[in-house]
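# Topology and contacts: notes
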Amino acid sequence: MPFTPRVFSGIKPSGDLHLGNYLGAIRRFVPLQETHETIYCVVDMHAITVWQDPEDLRRWTYEIAAAYIASGLDPKKSIIFNQSQVVEHAELSWIFNCVARMGWMSRMTQFKDKAGENSENVSLGLFAYPSLMAADILLYKSTGVPVGDDQRQHLELTRDIAKKFNHDFKKQIAGNGFDADEGFFPITETLSTGPAMRVMSLRDGTKKMSKSDASDMSTIYMMDEADLITKKIKKATTDPEPLPSEAKGLETRPEAQNLVAIFAALSDRSVDDVLSEYGGQGWGKFKPALAELAVSVLSPVATEMRRLVDDRGEMDRILADGADRARAIAQPVMEDVRRIVGFVR
Ligand code: TYM
């Protein structure tokens, strides 16, 4: 039997949400709920791989769940929950720790970037992080995962773990009534298309926009007020040239490319389409238009986020209901996994 088309994605509550999270992930989650079973998680267990103040962790968890809903996710259509409420994530990740190889994990560039010079002193959890991510995805036998470009390598690892599990336990998979050729876990597809899969810093077009940038002017946060968004866009670093008429003309101009990509993603247009309107024009025209567009999209989301975050009762109810529905999918999968690996039940 082929796998049910099912989409899973998650965001870490480890800082304020920014435009990269919105365009690379959240905004793309919304239309998928019309065509797929969709599960969107606030991955709090991932967040604690680096130190989090518990109060901040709680606040950011609510903030991300609120951002999901404020951006158009419907908690009746999509399953929205926080990871730690479904303990099966931790259990499957342990099994995957025993499937994944040290060599695979050592090649993860995000670990190398985060650990830097300090690799002896980071948590063991930070090293094992991609194995928990594979568990998040495969616990629901998810077939597609929408993420920004920076998560591609983790998705490749997820596929490697699924393949090795399917191979190592082939006999038991067949013995438990599954099609051994198809495998127990699907080979999940990375859903990563669109103009803004890698939103860059507004101060340096070669650096990714991230939750942890030291310069506040480089990052547009989801909760920024309208005048601050406008100020950040107007002060964004650019070159002095006018905009080209085709995407090819942006190839050696990272800052220009970034701003045009942001415009395209915010207006659901292609880069070429945006350039057909703005090609030949200077920044004096483009930046105010971008600022106006960004404010018109982000401000209503921020207003709704603030309202939802203050309604803790409603948020707790949504997260508990999502966790119940997530568990209903996860528990039977885990039952099968336990039998397949040989745990006595
Ligand atoms: P996180 O929390 O760092 O980022 C959440 C999502 O935002 C995307 N993103 C960006 N997209 C475009 N431009 C940017 N500058 C940018 N910055 C972040 C990320 O690609 C991601 O889609 N490991 C994941 C969380 C996770 C997960 C999962 C995702 C845990 N389990 C299972 C998918 C499926 C992470 O740290 O994302």
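This text follows the structure it describes.
Residues numbered from 1 in each chain as written. Predicted model: local features only at pLDDT ≥ 70, side-chain atom pairs only at ≥ 80, totals over all residues. Heavy atoms only, no water.

### Some words on the overall build of the protein
Using the following cut-off: Each helix is a run of H or I in the DSSP string that is no shorter than four residues. Each strand is a run of E no shorter than two, and both are numbered from the N terminus. The size measure is the radius of gyration over C-alpha atoms, and the globule rule it meets is 2.2 Å times the number of residues to the 0.38 power. Partly exposed residues are those whose accessible area sits between 20% and 50% of the maximum for their type, while under 20% is buried and over 50% is exposed, using a 1.4 Å probe and protein chains only.
Looking only at helices and strands, the protein has 14 helices and five strands in total. Relative to the 2.2 N^0.38 estimate, which gives 20 Å for 345 residues, the radius of gyration of the protein is 21 Å and therefore close to what a compact globule would have. C-alpha atoms of the protein, sized along the principal axes, occupy 70 × 45 × 45 Å. Expressed as a percentage of its 345 residues, the buried residues of the protein come to 52%.

### Brief notes about empty space enclosed by the protein
Condition: Cavity: a set of points on a 1 Å grid over the protein atoms alone where a 1.4 Å probe fits but cannot get out. Pocket: an open set with protein on both sides within 12 Å along at least five of seven lines, its lining residues, like those of a cavity, having an atom within 4 Å of a point. Grid points are joined across faces, edges and corners, and a volume is the space filled by probe spheres set on the points. Here the nonpolar group is Ala, Val, Leu, Ile, Met, Phe, Trp, Tyr, Cys and Pro; Asp, Glu, Lys and Arg are the charged ones; every other residue, Gly included, is treated as polar.
Tallied over the full model, the rule gives two cavities of 30 Å³ or more. Space inside the largest cavity adds up to approximately 80 Å³. For the largest cavity, the full set of lining residues is M105, M108, Q110, F111, K114, L126, F127, Y129, P130 and H154. Taken together, the elements giving at least two residues each to the lining of the largest cavity come down to α6 (109–115) and α7 (124–138). With four residues, α7 is the single largest residue contributor to the lining of the largest cavity. One number sums up the size of the second largest cavity: a volume of about 30 Å³. Along the walls of the second largest cavity sit S201, L202, A236, T237, E255, N258 and L259, which together make up its complete lining. Residues belonging to the lining of the second largest cavity are distributed by class as follows: three nonpolar, three polar and one charged.

### Side note on the site of the ligand
To keep things clear, this is the line we draw: A single heavy atom is enough: if one lies within 4 Å of a molecule or strand, its residue is considered near that molecule or strand. Distance and chemistry together define a polar contact, namely a pair of N or O atoms within 3.5 Å, with one atom able to donate a hydrogen and the other to accept it when in protein, and with adjacent residues in sequence counting only for side-chain atoms on both sides. Only the protein chains shown count as cover for residues, with accessible areas throughout obtained via the Shrake-Rupley method and a probe of 1.4 Å. To qualify as sitting in a cavity or pocket, a molecule needs more than half of its atoms within 2 Å of the grid points.
For the ligand, the set of nearby residues contains 28 residues, the closest of which are K12, Y129, D136, D150 and V199. Separating a nitrogen atom of the ligand from a backbone N or O atom of G20 is a distance of 3.2 Å. V199 places a main-chain nitrogen or oxygen 2.8 Å from a nitrogen atom of the ligand. Relative to its unbound accessible area of 710 Å², the ligand is 97% covered by the protein chains. The cavity that encloses the ligand is the largest pocket. Listing elements by their share of the shell around the ligand, those giving two or more residues are β1 (6–11), α1 (19–35) and α7. Grouping the constituent residues of the shell around the ligand by class yields 13 nonpolar, nine polar and six charged.

### Comments concerning the pattern of salt bridges
Test applied: The working definition used for a salt bridge is a side-chain nitrogen of Lys or Arg within 4 Å of a carboxyl oxygen of Asp or Glu.
One pass over the full model with this rule turns up 25 salt bridges. Two residues, E34 and K77, come together in a salt bridge whose shortest N-O distance is 3.2 Å. Taken together, the residues E34 in helix α1 and K77 in the loop between α3 (54–70) and β3 (79–82) connect sequence positions 43 residues apart. Relative accessible area serves as the criterion here: at 52%, E34 is assigned to the exposed category.

### Re the layout of surface pockets
Its boundaries defined by the atoms lining it, the largest pocket holds a volume of some 1100 Å³. Elements with a contribution of two residues or more to the lining of the largest pocket: β1, α1, α2 (44–47), α6, α7, β4 (144–146) and α8 (152–168). Of the residues in the lining of the largest pocket, the class split is 18 nonpolar, 18 polar and ten charged.

### Thoughts on the nonpolar core
Put simply, the rule reads: Residues grouped as a nonpolar core are buried Ala, Val, Leu, Ile, Met, Phe, Trp, Tyr and Cys residues, joined through side-chain atoms within 4.5 Å. Those domain boundaries reflect an automatic or database domain assignment. Any two residues whose heavy atoms approach within 4.5 Å at even a single point are treated as in contact.
Counting 62 residues, the largest nonpolar core has L19, Y22, L23, Y68, I262, L266 and F286 as its most contacted members. When residues in this core are grouped by element, the largest group, 14 residues, is from helix α13 (residues 283–310). Structurally, this core is a two-domain feature, drawing no fewer than three residues from each of domain 1 (6–196 + 312–341) and domain 2 (216–307). Other than its neighbours up to four places away in sequence, L19 contacts G24, V199, M209, I220, I262, L266 and L298. Counting 46 residues, the second-largest nonpolar core is a separate cluster that includes I39, L126, L138 and V333.

Keep in mind that these numbers describe shape and distance, not what the molecule does.
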